[in-house]
Amino acid sequence: MPYIATWSAEERSAGPVVLRADGRGIAYRDEVPHDRDAEGVLWMRSGLARGRGKPSFGAVHPARQRRAMRLLLCQVCAGPADRDAEGVLWLLGDDRDDWPGWPEEMGATHPPICRPCALVSLRLCPYLRRGHAVYRVASPEVAGAHGMLFAPSPDPASPRPVPLGPALLPYDDPLTPWLLAAQLSVRLHHCTPTTL
């Protein structure tokens, strides 16, 4: 079971979010310091009950995903991701047609992986069986976050911002105060194709 997967006993909360007191973004009404990361972005709340209930392969646990990305841990076993002289191992869905030079400069939201877990993932993951690419990344850089983008309510009397849709934003984007983050994004630099 992937370390970053959410379990049914881990309650996720996307709100309710309210307008910040200064009107420049979103907040929780009962916000506490650990609700925001060091860059000031608000994060989705999620319970901690790994291994309890049923796993949800399609739902990523925000806190575990962020930990795996920041520490370059394997997304499956939470041990160190595979690393050699060419960089950290990333197993990606095959989107080579997205742009010339892909995945260089890509904002990845899936953490890296160790070699044994990569081999198991290729056998068990339906998404990767449709097509995958294996890369060594020499310079992964924490760059932003993916989540739900909000905007002020069209009703000036309402403190409830309205969701606009999912967005992947770099930390220096002026819209980040309006983002409820669910996944940390790492920009991939100096990517070298490889095999397992």
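The rules behind the values
Numbers given to residues run from 1 along each chain, matching the order in which its sequence is written. Per-residue local features of the predicted model are confined to residues with pLDDT of at least 70, and side-chain atom pairs are confined, for both listing and counting, to 80 or more; whole-chain, interface and lining totals are unaffected and use all residues. Computation of side-chain values covers all heavy atoms of the structure but excludes hydrogens and water. Working definition: helices are DSSP H or I runs of at least four residues, strands are E runs of at least two. Numbering for both runs from the N terminus. Radius of gyration: C-alpha atoms only; globule rule: 2.2 Å multiplied by the number of residues to the exponent 0.38. For each residue, the accessible area found with a 1.4 Å probe, counting protein chains only, is set against the maximum for its type, and the residue is called buried under 20%, exposed over 50%, and partly exposed in between. For every accessible area listed, the method is Shrake-Rupley and the probe measures 1.4 Å; residues are considered covered only by the protein chains on display. Pairing between strands requires that DSSP locate at least two bridges from one strand to the other. Basic side-chain nitrogens of Lys or Arg form a salt bridge, by our definition, when they fall within 4 Å of a carboxyl oxygen of Asp or Glu. In this description, contact between two residues means that some pair of their heavy atoms is separated by no more than 4.5 Å. As used in this structure description, the phrase polar contact means that two N or O atoms lie within 3.5 Å; if the pair is within protein, one of them must be able to donate a hydrogen and the other to accept it, and residues adjacent in sequence are counted only when both atoms belong to side chains. pLDDT expresses, on a scale from 0 to 100, how confident the predictor is about each individual residue. Two rings from Phe, Tyr or Trp (for Trp, the six-membered ring) form a pair when their centres sit within 6.5 Å of each other. Planes less than 30 degrees apart are called stacked, planes more than 60 degrees apart edge-to-face, and all others tilted. Remark: a charge is flagged as sitting over a ring if the NZ atom of Lys or the CZ atom of Arg is within 6 Å of the ring centre and within 35 degrees of the ring normal. Residue types Ala, Val, Leu, Ile, Met, Phe, Trp, Tyr and Cys, when buried and joined through side-chain atoms within 4.5 Å, form a set referred to as a nonpolar core.

Trainee: So what exactly am I meant to see when it comes to the overall build of the protein chain here?
Mentor: Across its full length, the protein chain carries three helices and 13 strands. Expected size for 196 residues packed as a compact globule is a radius of gyration near 16 Å; at 18 Å, the protein chain falls within 12% of this value. Once the C-alpha set of the protein chain is aligned to its principal axes, its extents read approximately 55 × 40 × 30 Å. When the 196 residues of the protein chain are sorted by exposure, 45% land in the buried category. About 10,300 Å² of surface is accessible on the protein chain, with carbon and sulfur atoms providing 56% of the total.

Trainee: Sorry, what's going on with the pairing of strand E11 (residues 132-151) here?
Mentor: Consecutive side chains along a regular strand alternate between the two faces of the sheet. Bridge analysis of strand E9 (residues 87-93) against E11 gives six bridges, and the strand direction is antiparallel. Opposite Leu-89, over in E11, you have Arg-136 as the bridge partner. Note that E11 and strand E13 (residues 179-193) share 13 bridges and pair antiparallel. In the sheet register, Val-142 faces E13, and the bridge partner there is Val-186. Bridge count for E11 against strand E12 (residues 162-170) is eight bridges, and the pairing is antiparallel. The residue of E12 that forms the bridge with Phe-150 is Pro-163.

Trainee: Help me out: how do you make sense of the pattern of salt bridges in this one?
Mentor: Inspection of the entire model under this criterion finds 10 salt bridges. Here Arg-96 and Asp-94 are joined by a salt bridge, their closest N and O atoms 2.8 Å apart. The class of Arg-96 is partly exposed, set by a relative accessible area of 44%. Owing to a relative accessible area of 32%, Asp-94 belongs among the partly exposed residues under this scheme. Through salt bridges with shared partners, one network takes in Asp-30, Asp-35 and Arg-45.

Trainee: What exactly am I supposed to notice about the environment of Arg-96 here?
Mentor: By secondary structure assignment, the location of Arg-96 is in the loop between E9 and strand E10 (107-108). Separated by 37 residues in sequence, Arg-96 and Ala-133 place their C-alpha atoms 8.3 Å apart. Setting aside residues no more than four positions away along its own chain, Arg-96 makes contact with Trp-102, His-132 and Ala-133. Here the side chain of Arg-96 touches Asp-94 through a polar contact of 2.8 Å, side chain to side chain.

Trainee: Teacher, can you tell me more about the confidence of the model for the protein chain here?
Mentor: Residues with a pLDDT of 70 or more make up 97% of the protein chain, whose mean pLDDT is 91. Put simply, strand E2 (residues 12-13) is where the protein chain has its lowest mean pLDDT, 64, and strand E8 (residues 83-84) is where it has its highest, 97.

Trainee: How should I be thinking about the side chain of Arg-136 in this particular structure?
Mentor: Inspection of the secondary structure puts Arg-136 in strand E11. Looking at Arg-136, its side chain comes within polar contact range of the side chain of Asp-84, at 3.4 Å. Those residues in contact with Arg-136 that sit more than four places away from it in its chain are Asp-82, Arg-83, Asp-84, Glu-86, Gly-87, Val-88, Leu-89, His-190, Cys-191, Thr-192 and Thr-194.

Trainee: Looking at this structure, I do not really get the packing of aromatic side chains. What am I missing?
Mentor: Working definition: an aromatic ring pair is given by the centre-to-centre distance plus the angle between the planes. Applying the stated criterion across every chain, the model contains one aromatic pair. Ring centres of Trp-102 and Tyr-135 lie 5.8 Å apart, and the angle between their planes is 85°; this geometry places the pair in the edge-to-face category. With Trp-102 in the loop between E9 and E10 and Tyr-135 in strand E11, the pair connects residues that are 33 residues apart, well separated along the chain. The positively charged end of Arg-64 is found above the aromatic ring belonging to Tyr-3, 6.0 Å away from the centroid. Positioned above the aromatic ring of Trp-43 is the side chain of Arg-66, whose terminal nitrogen or guanidinium carbon lies 4.3 Å from the ring centre.

Trainee: Can you walk me through the nonpolar core in this structure?
Mentor: Within the largest apolar cluster, 34 residues are counted, with the highest numbers of intra-cluster contacts made by Val-17, Ile-26, Trp-43, Trp-90, Leu-92, Leu-180 and Leu-188. Those residues in contact with Leu-92 that lie beyond four places of it in its chain are Trp-102, Pro-103, Met-106, Leu-128, Gly-131, His-132, Ala-133, Tyr-135 and Leu-188. By size, the runner-up hydrophobic cluster in this structure holds 11 residues, among which are Cys-114, Ala-118, Leu-122 and Val-134.

Trainee: How do you make sense of unusual backbone geometry when you look at a structure like this?
Mentor: Glycine aside, a negative phi is what most residues show, and trans is what most peptide bonds show. Geometrically, the link from Trp-102 to Pro-103 is a cis peptide bond, its omega value of 5° lying close to zero. For Leu-72, which is not glycine, the phi dihedral falls at a positive 55°. With respect to the helices, strands and loops of the structure, Leu-72 is situated in the loop between helix H1 (62-71) and E8. When its relative accessible area of 17% is taken as the criterion, Leu-72 is described as buried.

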